[in-house]
Amino acid sequence: MRYSLSLLKKYIGVQDTAENIARQLTLKTCEIEEIIERKLPDDILIGKVLDVKDHPNADKLKVCQIDCGKAGKFQICTGGENIIANVFVAVAIPGCYLPAIDLKIEPRKMRGEDSNGMICSKGEIGINEDEDKHWIWIMDEDLSDLSDTDIGMPLGEKYPWMNNAILDVDNKTVTHRPDLTGHFGIAWELQAIYAMENHKFSFNKLPEWKHTFETTNILDTLENATKSSMSVNVETENCQSYIAVEYKDVNVQRSTLYTRLAIQDIGQQSRNNWVDFSNLFMMTTGHPVHFFDADMIKGGITVRQAKKWEKFIDLFDKEHELIAEDIVIADDEKVLALAGVVGGKTSGVTEKTTNIVVEIAHFDPVAVRKTGTRLGLRTDAELRYEKHINPLFSLYSLLFFLEESKFYATDLGNNAVHGISYHIADTLKSSLSQKKTVEIDAAKGASIIFGNNTHAFDDSATKILENLGFAYSENTVTIPLRRSPDDMNIPEDIYEEVARIHGYDNIEPQPLQGESAYVPFTPEVKLQRAVEDYLIHEARMEQGETYPWAEESHYAYFGHDKNTHYTLLNPSSPETSKLRPDMIYGLMDIVEKNHRTFDEIRVFDTGKIWPEDKGKLTERKALGMALYRKSISGRQQDTILELKAHVQTLLHKLWVKQISFSATDKEYFHPKKQATILADGEAIGYIATVHPLVQQNYKINETAQVSYASLDMDTLVSYMEGEQAYTKSYKTLQDQIVYRDVCFVIDKDKSRDSVMDAIKAMDTIGDIEVFDIYAWDKLPEGKKSIAFTFSITGDGSMTTEQINEIIQQVIKTGEKHGATLR
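Side note on the overall build of the chain
What the chain contains, in helices and strands, is 23 helices and 43 strands. Expressed along its principal axes, the backbone C-alpha trace of the chain runs to roughly 100 × 80 × 60 Å. Out of the 822 residues belonging to the chain, those deemed buried represent 52%. Looking at the chain alone, contacts between residues at least 24 apart form 70% of all its contacts between residues at least 6 apart. Only carbon and sulfur atoms are counted for the fraction: they give 48% of the accessible area of the chain, which is about 39600 Å².

Thoughts on the nonpolar core
In globular proteins that are soluble, nonpolar side chains generally tend to be buried together. The biggest cluster of nonpolar side chains holds 121 residues, and the ones touching the most others in it are Y3, Y242, F363 and F457. In contact with Y3, other than residues within four places in its own chain, are C30, I32, A165, I166, L167, V169, V174, L180, G182, H183 and I186.

A closer look at the pairing of strand 42 (residues 783-794)
Every regular strand shows the same layout, with side chains that alternate between the two sheet faces. By the criterion of burial, strand 42 is predominantly enclosed, with 9 of the 12 residues buried. As judged from the 7 bridges shared by strand 41 (residues 765-774) and strand 42, these two strands associate in the antiparallel manner. Across the sheet, Y774 pairs through a bridge with S785, a residue of strand 42.

Thoughts on the side chain of T546
Relative to the helices and strands, T546 is located in the loop between strand 29 (542-543) and strand 30 (549-550). Residue T546 is classed as buried on the basis of its relative accessible area of 16%. A polar contact is formed between the side chain of T546 and the side chain of R580, at a distance of 2.9 Å. Looking at T546, its side chain comes within polar contact range of the side chain of D605, at 2.6 Å. Every residue in contact with T546, bar those within four places of it in the chain, is listed here: R580, M583, G586, L587, I590 and D605.

Some thoughts on the sheet that holds strand 4 (residues 44-54)
Across the sheet, 5 strands lie side by side as 6-5-4-7-12; this open sheet has antiparallel pairing. Only two strands of the sheet have a single partner each, and these edge strands are strand 6 (73-78) and strand 12 (118-119). Taken together, the 6 bridges between strand 4 and strand 5 (residues 62-67) define a ladder with antiparallel strand orientation. Its bridge partner lying in strand 5, V49 is registered against I66.

A few points about the environment of L50
Among the structural elements, L50 can be located in strand 4. The spatial distance from the C-alpha of L50 to the C-alpha of E545 is 61 Å, given a sequence separation of 495 residues. Sequence-distant contacts of L50, defined by excluding residues within four places in its chain, comprise Q65, D67, K73 and A85.

Details of the sheet that holds strand 37 (residues 669-679)
Strand order in the open sheet formed by 7 strands is 29-32-35-39-38-37-36, with mixed pairing between adjacent strands. Of all the strands in the sheet, just strand 29 and strand 36 (659-663) have a single pairing partner and so form its edges. Together, strand 32 (600-609), strand 35 (620-629), strand 36, strand 37, strand 38 (682-690) and strand 39 (705-712) form the strand contacts of helix 19 (residues 639-653), whose direction differs from that of strand 39 by roughly 20 degrees.

Things to note about the packing of helix 2 (residues 18-28) against helix 4 (residues 183-196)
With their axes 11 Å apart at the nearest point, helix 2 and helix 4 run at an angle of 95 degrees to one another. Our classification of the angle between helix 2 and helix 4 gives roughly perpendicular. Of the residues in helix 4, those touching helix 2 at N20, I21, Q24, L25 and K28 are I186, L190, I193 and Y194.

As for helix 21 (residues 713-720)
An α-helix turns once every 3.6 residues. As a result, residues three or four positions apart point the same way. The buried count for helix 21 comes to 6 of 8 residues, which makes it a mostly enclosed element. Of the positions making up helix 21, those classed as buried are M713, T715, L716, V717, Y719 and M720. Measuring from the backbone nitrogen of D714 back to the side-chain oxygen at the start of helix 21 gives 3.3 Å, which picks out D712 as the cap.

Topic: the side chain of K122
Tracing the sequence through the fold places K122 in the loop between strand 12 and helix 3 (155-158). Among the polar contacts listed, one links the side chain of K122 to the side chain of D142, at a separation of 3.0 Å. Other than its neighbours up to four places away in sequence, K122 contacts I127, E129, D130, W137, D142, R254 and R260.

A look at helix 14 (residues 442-449)
Taken together, the buried positions of helix 14 are A442, G445, A446 and I449. Burial along helix 14 is one-sided: seen end-on, the buried residues are contained in an arc of 100 degrees. At its buried positions, helix 14 is contacted by helix 15 (454-467), strand 27 (471-473) and helix 16 (491-502). A side-chain oxygen of the first residue of helix 14 lies 3.0 Å from the backbone nitrogen of A443; this N-cap is D441. Just beyond helix 14, the residue with positive phi is G451, at close to 60 degrees.

Examining the pattern of salt bridges
Following the criterion strictly, the structure yields 45 salt bridges and no others. The salt bridge partner of R38 is D265, with a shortest N-O separation of 2.9 Å. Here R38 is found in strand 3 (residues 32-38), whereas its partner D265 is found in helix 7 (residues 257-265), with 227 residues between them in sequence. Taken as a pair, R38 and D265 share a single burial class, namely buried. In this structure, the salt-bridge partner of R378 is E382, at a minimum N-O distance of 3.3 Å. Three or more residues are tied together by salt bridges with common partners; here these are R177, D179, E189, R482, R483, D487, E497 and R500.

Comments concerning the packing of helix 7 against helix 8 (residues 273-285)
Between helix 7 and helix 8, whose axes approach to 10 Å, the crossing angle comes to 50 degrees. The angle between helix 7 and helix 8 falls in the class oblique. Seen from above, helix 7 lies across helix 8 with left-handed handedness. Of the residues in helix 8, those touching helix 7 at T259, A262 and I263 are D276, N279 and L280.

Comments concerning the packing of aromatic side chains
What the rule picks out here adds up to 28 aromatic pairs. Ring plane angle 70 degrees and centroid distance 4.8 Å describe the contact between Y668 and F669, whose orientation is recorded as edge-to-face. You'll find Y668 and F669 in the same group, each marked buried. Ring-pair connections join several aromatic residues into one group, and the members of that group are Y247, W274, F277, F281, F291, F401, F407 and Y408. Sitting over the face of the ring of F407, K10 holds its NZ or CZ atom 4.4 Å from the ring centroid. Just above the ring of F661 sits the side chain of K644; from NZ or CZ to the centre is 4.5 Å.

Let's talk about the state of the cysteines
Counted by the stated rule, this structure contains 0 disulfides. The closest cysteine sulfur to the non-disulfide-bonded C96 is located on C120, 6.8 Å from its own sulfur.

What to know about the environment of D458
Mapping D458 onto the fold places it in helix 15. Dropping the residues within four chain positions of it, D458 is found in contact with A442 and Y472. A polar contact of 3.1 Å, which involves the side chain of D458, links it to the side chain of Y472.

A closer look at the environment of R620
Position of R620 relative to the elements: it lies in strand 35. For the pair R620 and W610, spaced 10 residues apart in sequence, the C-alpha to C-alpha distance is 6.3 Å. Not counting residues up to four positions away in its chain, the partners in contact with R620 are G607, K608, I609, P611, D712, D714 and T715. A polar atom in the side chain of R620 sits 3.5 Å from the side chain of T715.

Observations concerning the confidence of the model for the chain
Of all residues in the chain, 95% attain a pLDDT of 70 or more, and the chain-wide mean is 89. Scored below 50 in pLDDT, residues 723-734 makes 16 contacts in the model with residues more than four places away or belonging to other chains.

The rules behind these values
Residues numbered from 1 in each chain as written. Predicted model: local features only at pLDDT ≥ 70, side-chain atom pairs only at ≥ 80, totals over all residues. Heavy atoms only, no water. Helix = DSSP H or I, 4+ residues; strand = E, 2+ residues; numbered from the N terminus. Buried < 20%, exposed > 50% of the residue type's maximum accessible area, 1.4 Å probe, protein only. Contact = heavy atoms within 4.5 Å. Areas by Shrake-Rupley, 256 points an atom, 1.4 Å probe, with all protein chains shown as cover. Core = buried A, V, L, I, M, F, W, Y, C linked by side-chain atoms within 4.5 Å. Pairing = 2+ DSSP bridges. Polar contact = N/O pair within 3.5 Å; in protein donor to acceptor, adjacent residues only side chain to side chain. Axes fitted to C-alpha atoms, helices over the stretch in contact; angles between N-to-C directions. Parallel < 35°, antiparallel > 145°, perpendicular 65-115°, else oblique. Arc of directions from axis to C-beta. Salt bridge = Lys/Arg side-chain N within 4 Å of Asp/Glu carboxyl O. Left-handed = near helix turned anticlockwise from the far one by under 90°. Phe/Tyr/Trp six-rings, centres within 6.5 Å; stacked < 30°, edge-to-face > 60°. Lys NZ or Arg CZ within 6 Å of the ring centre and 35° of its normal. Disulfide = S-S within 2.5 Å. pLDDT = per-residue confidence, 0-100.

This is the structure we're talking about:
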């Protein structure tokens, strides 16, 4: 979901930066993941082509003379095949930086001819269309209001709407808020937020629309409208309202550049003027509409349940077999559309369409979701209907639609409504005069938010709620129609609205009410705390939150067959219907999402996995750890070595006595950097560096490195059930800590772990780390040198002789395990 600040200006004008707007929304409404800005440089000017000649030394180049007004005349060489004289073009003059292509324009020679600037294509200034043609942008084709008086004017000054900032929102944060799937809903949020911040902003359309909702009798509007010749018959309880608006003699053509750019900015693809308008209306209001080619409808429109095994071909030319639980829009001969999900191929609007029927309807959210999920059709309309749009808002959306069609008259033409047909369920009619209200207790709200200051609650709540479109009077709050009927039900819902806009950081902390009794940790909780304590405080890792499923297309990356794993009956998305067999999928997704921003990522998570064991799926709890570095300059930065050290330290803290590693040969991991982790001889996980070719699937550069480790928490919990419970320890100022180094020579094919584990097991030894490994010709054949640094911990009274004695014990321990002091 994307919010376009350019579209928001229709309803509210906030004089603030995109970064600050995103921050305010993230703190108080929904999480903004990314800001995408298009700012035209002031050095892109409107120019006019005076003359075009063939380049004397290059068959595919043209030499052009460009008039840029006060900036002067420029000779520019270009390879654009479509360049001609007497047209307007966008010119980047010398010194201009084009962020879209990361290029600074400088004067230069092109095959012997001076070229002082660049004649731009759309893509070169950030307008992403006609990219396959590599054409010069002939501005006359898109902008009819250009004249010679505009020559030399900065393009962004002439057309400020070409500059825009787009806020990319995390869809999960608007799941319960269908009103936030449109710009109209987010405009109300910004109004409330910036009114509290005392920031400069203009209201534009919001008060006008609030007045319209409160005073317009929608039934009178419908009853007094000209009746359409297109009949509407509803035969299912899963459709509470259906309005068909008929237009005659329409002209289906390409949208204006303003509309096409608005469509691109919200993540859609421009089709034609009417289809673009339907998408813009949905993205503006949060309510889907659908357009039918009226001449393709035989008889009237019937909304009904599908017949079992009834066939339907959608807009994407895919055939579906329907079941009785699906809702369909049909005529006398065929299915025209799947209600709330997708339109049909035969009734869609094309360049040949001359008559249109507009559908503005309300469908049961559960039925729509089940159909979309079963058929794998997660369309923009389905995602909105499933959030439970208010049925009353569906009715009043007709008023929005008629108003918005006037705004886009340049695209649509001045087409008057030919007629309207409609159906409204009796239950919905009876609720039209009964606005939903919630009774609140001002004293309780004040105690939660304003420290028992009832006067402050009344003043702030009134301001906040009215700016959100609510009405508040004498402890009664009237809910706006745009909010879902499932959204505001109890007083606490209202208190939350006030609190989030007021700002959670502005609420004074309150002491817990009641007594808390001591409850000892279970071994499972004890293990979880021990793992989190070490990885967060000592390993400096971030704790992530991953879903228990994974992208089906990713399963092959790490050798899993998606067809052998559990399938969710009601997945959040068809692409994530399988339960994960390994924590690696979620953690790699986190790395993929963040690696462009951070040079180093350390993340872990614990959760359920469903791996295959001896042909059967089992449920286990696992710990996953991932370490990413953008570049590796030497062995000391190798992520696998650091991650291995963390695994060893963590297992020692969990009272695992013997830790070893056994090499594996999985093709999706680095061939020399992968192993099974063994605790006291039992396999409890694995550690590996992800293969560079697999990294590329996550858009991670092959010069970067990602290492991953997995530990079985169900096995490790047995170590927490023994007599030695985990206790958090801190070194104090009185502790005596001495660091010493020792270097051993061992067999080249021998693992250093046995030596390290034996030394680590000594009571007086604290941490131990490898700082150097090498093998060279001065060592005996088949040998390698391993250098350790280790800490000796005492109570502050150890003497030099005692420290030396411990060092001798370390040497003897190493020799017992096949090492020789070097």
